[in-house]
Amino acid sequence: MAANPRVVSLAPSATAILTAAGLDAHVVGATVHSPTDKPVVGGWLNPDFDRVAELAADAVCTCDDLQSDVAAAARDRGYDVVHVAPATLDEVFDSFPVVCDAAGDAGAGATLAEDCRGVLARVADARRPRGVRGPRVERRRRGPRRRRLASQSAESGRRFRRRPTRATVAPRRRPPRAVGSLGDRIRRREITGRRASDMDIAVGSGNPVKRRAVERTCPDASVAAVAVDSGVSEQPTGHDETIAGAVTRAERALDAGDYDLGVGIEGGVATFSAGDGTDETDLYLVMWAAVTDGERVGRAAGPSLPLPARIADRIDAGEELGPVMDDVLGTDDIAKNEGAAGVFTGGRLTRTDALESAVTGAFAPFRCELY
Ligand SMILES: O=c1[nH]c(=O)c2ncn([C@@H]3O[C@H](COP(=O)(O)OP(=O)(O)OP(=O)(O)O)[C@@H](O)[C@H]3O)c2[nH]1
Ligand SMILES: [Mg+2]
């Protein structure tokens, strides 16, 4: 390790730790949102390594599993990488000396951890009723779990209350299934004598990720992107509203021109039970797709991914996922690239992959005789 290490902090939490431990002088650069006025070296998940090199860094700090690819990239460039991924408050304190070791002073981190633990102990003592001595219980929040969404609270319950699925999702009554409907003909590849490769599909969105998901599902078709209004809020909450958005987009896309099929895709958030017998729920990113030929509607969900607590809190407060992700990551239009899905899975399941599953499922009634 260098005698007087120059540290670039790629994680705001590491910057905060180094600053609190009095090692600010070693920090020569940091990613956006770091509590410092040091030179900015890009975003949390997209650091600017050219800038890091210009700053002649000896060591680089990263935090959290989401940054493991960034840590690997820094290692490949020959930096000493200090990577921590604490999951509990205790582990956060334990990480202080590790992070500070990047600046050559693990002791300063140990002292900071001791100070912080002391403060917490004093708070716990002050809150304990007089005369009661008991074990200190660390109240730990488990990931994105919360008792209930503010949006589900009594005051705002009306907005997101579950509505009868048929009323919102299939406003038009489904006509009796017609023998020889477009869906049947698509299955038999008999659309007016044309093959599936001649099919014209409209996707109700201007987001290229959604169009790509449909192109992957229907590689032979011609797929057009048609930006339409979803008829629901920018950030749908709950499955009903998300499905309604997908169905409305599919219908409006189909009506927008001379298309054989309309496809709608909608991203939303929804709660799922924690599955532990309590009434606790976790907030998830969900996604739905709908396909319609004007007669029938196929609908299917894509993967559901748990939202990190600090992101869930902001969605719960009324913000939209895409902009929140961009703000947290320091990116532009992540939703038009790997998406939140790609970020949460370390790039293993991009938004296109996830939406492809939803679209493929929604095509089922048009491809399988059993429906
Ligand atoms: O399903 C998703 N998978 C992802 O991995 C993802 N990453 C971000 N988001 C966001 O979810 C909100 C609703 O999505 P959404 O259906 O309105 O899409 P969109 O706003 O990107 O396009 P569009 O409205 O122009 O069609 C928007 O804030 C999106 O940015 C995702 N949604
Ligand atoms: Mg949108």
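Structure first, text after, so check above.
The paragraphs below set out a description of the structure included in this document.

What counts, and at which threshold
- Residues numbered from 1 in each chain as written.
- Chains lettered and ligands numbered in written order.
- Predicted model: local features only at pLDDT ≥ 70, side-chain atom pairs only at ≥ 80, totals over all residues.
- Heavy atoms only, no water.
- Pairing = 2+ DSSP bridges.
- Helix = DSSP H or I, 4+ residues; strand = E, 2+ residues; numbered from the N terminus.
- Axes fitted to C-alpha atoms, helices over the stretch in contact; angles between N-to-C directions.
- Contact = heavy atoms within 4.5 Å.
- Near = heavy atom within 4 Å.
- Polar contact = N/O pair within 3.5 Å; in protein donor to acceptor, adjacent residues only side chain to side chain.
- Areas by Shrake-Rupley, 256 points an atom, 1.4 Å probe, with all protein chains shown as cover.
- Nonpolar A, V, L, I, M, F, W, Y, C, P; charged D, E, K, R; others polar.
- Buried < 20%, exposed > 50% of the residue type's maximum accessible area, 1.4 Å probe, protein only.
- Phe/Tyr/Trp six-rings, centres within 6.5 Å; stacked < 30°, edge-to-face > 60°.
- Lys NZ or Arg CZ within 6 Å of the ring centre and 35° of its normal.

## Some points on the sheet that holds strand 4 (residues 80–84)
Okay, step 1: An order of 2-1-3-4 is seen for the four strands of this open sheet, with the pairing classed as parallel. The open sheet terminates on both sides in strands that have one partner only, identified here as strand 2 (27–30) and strand 4. Adjacent strand axes in the sheet meet at a mean angle of 20° when their direction is disregarded.
Okay, step 2: Relative to strand 4, strand 3 (residues 59–63) runs parallel, the two being bridged by five bridges. By the bridge assignment for strand 4, Val60 is matched with Val81.
Okay, step 3: In the packing of helix 1 (residues 12–20) onto the sheet, contacts are made with strand 1 (7–9), strand 2 and strand 3, and the angle to strand 3 comes to roughly 120°.
Okay, step 4: Lying on the sheet, helix 3 (residues 68–76) is in contact with strand 3 and strand 4; it crosses strand 4 at an angle near 165°.

## Some remarks on the site of ligand 1
Okay, step 1: Contacts to ligand 1 come from 20 residues, most closely from Ser205, Lys210, Gly267, Glu320 and Ala340.
Okay, step 2: Ala340 has a polar backbone atom sitting 2.8 Å from a nitrogen atom of ligand 1.
Okay, step 3: At 2.9 Å, a backbone N or O of Ala341 approaches an oxygen atom of ligand 1.
Okay, step 4: In isolation ligand 1 exposes 610 Å². Once the protein is present, 88% of that is buried.
Okay, step 5: When residues of the shell around ligand 1 are traced back to their parent elements, those giving at least two are strand 8 (261–273), strand 9 (281–292), helix 12 (321–329) and helix 13 (339–344).
Okay, step 6: In terms of residue class, the shell around ligand 1 is made up of eight nonpolar, six polar and six charged.

## A few points about the pairing of strand 9
Okay, step 1: Counting buried positions along strand 9 gives 12 out of 12 residues, so the element sits mostly inside the fold.
Okay, step 2: A two-sided burial pattern is seen for strand 9, the buried positions comprising Thr281, Leu283, Leu285, Met287, Ala289 and Val291 on one face and Asp282, Tyr284, Val286, Trp288, Ala290 and Thr292 on the other.
Okay, step 3: Relative to strand 9, strand 8 runs antiparallel, the two being bridged by 12 bridges. In the sheet register, Val263 faces strand 9, and the bridge partner there is Val291.
Okay, step 4: Inspection of the sheet shows strand 9 paired to strand 11 (residues 305–306) by two bridges, in the antiparallel sense. What sits directly across from Leu285, in strand 11, is Leu305.
Okay, step 5: Pairing of strand 9 with strand 10 (residues 297–301), which is carried by five bridges, proceeds in the antiparallel orientation.

## Side note on the side chain of Lys38
Okay, step 1: Residue placement: Lys38 occurs in the loop between strand 2 and helix 2 (49–54).
Okay, step 2: Classification of Lys38 as buried rests on a relative accessible area of 19%.
Okay, step 3: Among the polar contacts made by the side chain of Lys38, one reaches the main-chain carbonyl oxygen of Asp24 at a distance of 2.7 Å.
Okay, step 4: Polar side-chain contacts of Lys38 include one of 2.8 Å to the backbone oxygen of Val27.
Okay, step 5: Look past the residues within four positions of Lys38 in its chain and what remains in contact with it is Asp24, Ala25, Val27, Val28 and Gly29.

## Observations concerning the packing of aromatic side chains
Okay, step 1: Per the stated rule, a full pass over the model turns up three aromatic pairs.
Okay, step 2: Taking the centre distance of 5.7 Å and the plane angle of 75° together, the rings of Phe93 and Phe96 count as edge-to-face. You can see Phe93 and its partner Phe96 sitting in helix 4 (residues 89–101), three residues apart, about one turn around the helix. Neither residue differs from the other here; Phe93 and Phe96 are each classed as buried.
Okay, step 3: Aromatic side chains Phe363 and Phe366 sit 6.5 Å apart centroid to centroid with 65° between the ring planes, which places their arrangement in the edge-to-face category.
Okay, step 4: The ring of Phe366 is capped by Arg296, whose NZ or CZ atom sits 5.4 Å from the centre of that ring.
Okay, step 5: For the cation-ring pair, Arg310 lies above Trp44, with the distance from its terminal atom to the ring centre recorded as 5.9 Å.

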